[in-house]
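Observations on the three-dimensional arrangement
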Amino acid sequence: MSTIGVFDSGVGGLSVLRALLREIPDAHFVYVADSAYAPYGERTAEEVTERSQRITAQLRQQFPLDAVVVACNTATALAIDALRLTHHDLPFIGVEPALKPAAALSRTRHIGVMATRGTLASARFHKLQSRLEHGEHPPHFHSQPCDGLADAIERGDQALTRILCERYVAALQAKATAQAPIDTLVLGCTHYPFEAPLLQSLCGPSVHLVETGAPVARRTREVLHERRLAPAHARPDLLLLTTGAPEALSAVATRWLGTTTPAGHWTC
Ligand code: DGL
């Protein structure tokens with residue numbers, strides 16, 4: 001059995017963990033919500049890299065990790081290269097906005113991308129986007145920085161979450177035209193899939209919502225398989241840790257994962 005570290009700025013990475021638990025049910029997972037430092041999306045690249053490095057180093061000290069899933073688009077965009085350089089013996093699986101699957105799905109060629117400001121401003125995101133913007137009918141990506149949305153979801157503030165979703169969906173719709181409307185919406189932050197029903201109702205049923213939990217979980221399983229990782233450890237299957245309030249993480253994990261595992265406080 002393998003031990004996999006998973007971290008995010010907060011509860012958003014639980015959307016990736018949910019897919020991981022389905023895909024690799026026999027692995028041991030240690031999930032870290034860095035809620036004391038959330039949101040990452042409006043922090044500098046240096047701050048996000050520093051937090052990602054500290055979390056990974058401490059996780060490695062405490063657990064016999066076989067892989068780390070960076071279950072955060074912002075931390076992947078800003079810190080995964082540095083993590084790989086520091087821990088060259090450890091596989092890292094990152095999460096990136098699903099532009100390629102969206103380009104394959106879109107018929108109107110107009111694709112909305114909701115993500116944090118940090119992700120959208122990153123060199124990694126620009127490279128990913130420009131790799132796809134070519135060909136006879138290139139996709140048009142309309143990016144929307146969603147300031148405050150991950151934080152509202154993190155805090156369970158449903159009224160603010162609704163207001164911000166309405167605002168950002170309206171802004172995206174205004175960027176396309178009636179002749180060529182947005183028909184595909186990329187949820188480029190791991191917090192957003194938990195608001196998929198609300199976003200779907202705001203966009204209408206003809207818009208495809210695309211997220212990355214399932215492909216990231218498949219990729220993680222492949223990485224473990226390639227490395228033939230199967231060490232057995234006598235630890236619980238799922239450990240939930242947070243630098244913030246454990247009750248808050250436990251409540252969200254119960255709602256979103258259906259688990260009754262209580263979360264613990266983690267100082268990092
Ligand atoms: N859930 C994270 C992401 O996927 C970060 C959100 C935030 O902390 O701003 O980008």
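Residues numbered from 1 in each chain as written. Predicted model: local features only at pLDDT ≥ 70, side-chain atom pairs only at ≥ 80, totals over all residues. Heavy atoms only, no water.

1. Description of the site of the ligand
Among the 13 residues in the neighbourhood of the ligand, the closest are listed as S9, Y40, G41, T74 and H191. One of the backbone N or O atoms of N73 is found 2.8 Å from an oxygen atom in the ligand. In the model, a nitrogen atom of the ligand is placed 2.7 Å from a nitrogen or oxygen of the H191 side chain. Considering the ligand on its own, with 300 Å² of exposed area, one finds that the protein chains cover 99% of that surface. In terms of residue class, the shell around the ligand is made up of five nonpolar, seven polar and one charged. (Near = heavy atom within 4 Å. Polar contact = N/O pair within 3.5 Å; in protein donor to acceptor, adjacent residues only side chain to side chain. Areas by Shrake-Rupley, 256 points an atom, 1.4 Å probe, with all protein chains shown as cover. Nonpolar A, V, L, I, M, F, W, Y, C, P; charged D, E, K, R; others polar.)

2. As for the packing of aromatic side chains
According to the stated counting rule, one finds one aromatic pair in the structure shown. In this structure, R51 is placed above the aromatic ring of Y37, and the distance from its NZ or CZ to the ring centre is 3.6 Å. (Phe/Tyr/Trp six-rings, centres within 6.5 Å; stacked < 30°, edge-to-face > 60°. Lys NZ or Arg CZ within 6 Å of the ring centre and 35° of its normal.)

3. Description of the sheet that holds strand β7 (residues 184–187)
Strand order in this open sheet of four strands is β6-β5-β7-β8, and the pairing throughout is parallel. Each of the sheet's edge strands pairs with one partner strand only, and the pair in question is β6 (140–145) and β8 (208–210). This sheet shows a mean twist of 25 degrees between the axes of neighbouring strands, independent of strand direction. Where strand β5 (residues 110–115) and β6 come together, six bridges link them in parallel fashion. The partner of M114 across the bridge, within β6, is Q144. Across the sheet, helix α8 (residues 158–175) is in contact with β5, β6 and β7; its angle to β6 comes to roughly 150 degrees. (Pairing = 2+ DSSP bridges. Helix = DSSP H or I, 4+ residues; strand = E, 2+ residues; numbered from the N terminus. Axes fitted to C-alpha atoms, helices over the stretch in contact; angles between N-to-C directions. Contact = heavy atoms within 4.5 Å.)

4. Let's talk about the side chain of S9
Positionally, S9 belongs in the loop between β1 (3–8) and α1 (14–23). For S9, a relative accessible area of 6% puts it in the buried group. When near neighbours in sequence (up to four residues on either side) are disregarded, S9 contacts A33, D34, S35, A38, Y40, C72 and H191. (Buried < 20%, exposed > 50% of the residue type's maximum accessible area, 1.4 Å probe, protein only.)

5. Looking at the sheet that holds β1
Strands sit in the order β4-β3-β1-β2-β9-β10 across an open sheet of six strands; the sheet is parallel. Both outer strands of the open sheet, β4 (92–94) and β10 (264–265), are each paired with one neighbouring strand and no more. Where β1 lies against strand β2 (residues 28–33), six bridges are found, and the strand directions are parallel. Within β2, the residue paired with V6 across the bridge is Y31. Relative to the sheet, α1 contacts β1, β2, β3 (67–70) and β9 (238–242), its axis offset from that of β2 by approximately 175 degrees.

6. A short note on the packing of helix α2 (residues 45–62) against helix α3 (residues 73–86)
Following both chains from N to C, one finds α2 and α3 inclined at 55 degrees, their axes separated by 9 Å at the closest point. The orientation of α2 relative to α3 falls into the category oblique. As for how α2 packs across α3, the hand of that crossing is right-handed. Listed contacts from α3 to A45, V48, T49, S52, Q53 and T56 of α2 are T74, A75, L78, A79, A82, L83 and T86. Split by residue class, the contact of α2 with α3 holds seven nonpolar, six polar and no charged. (Parallel < 35°, antiparallel > 145°, perpendicular 65-115°, else oblique. Left-handed = near helix turned anticlockwise from the far one by under 90°.)

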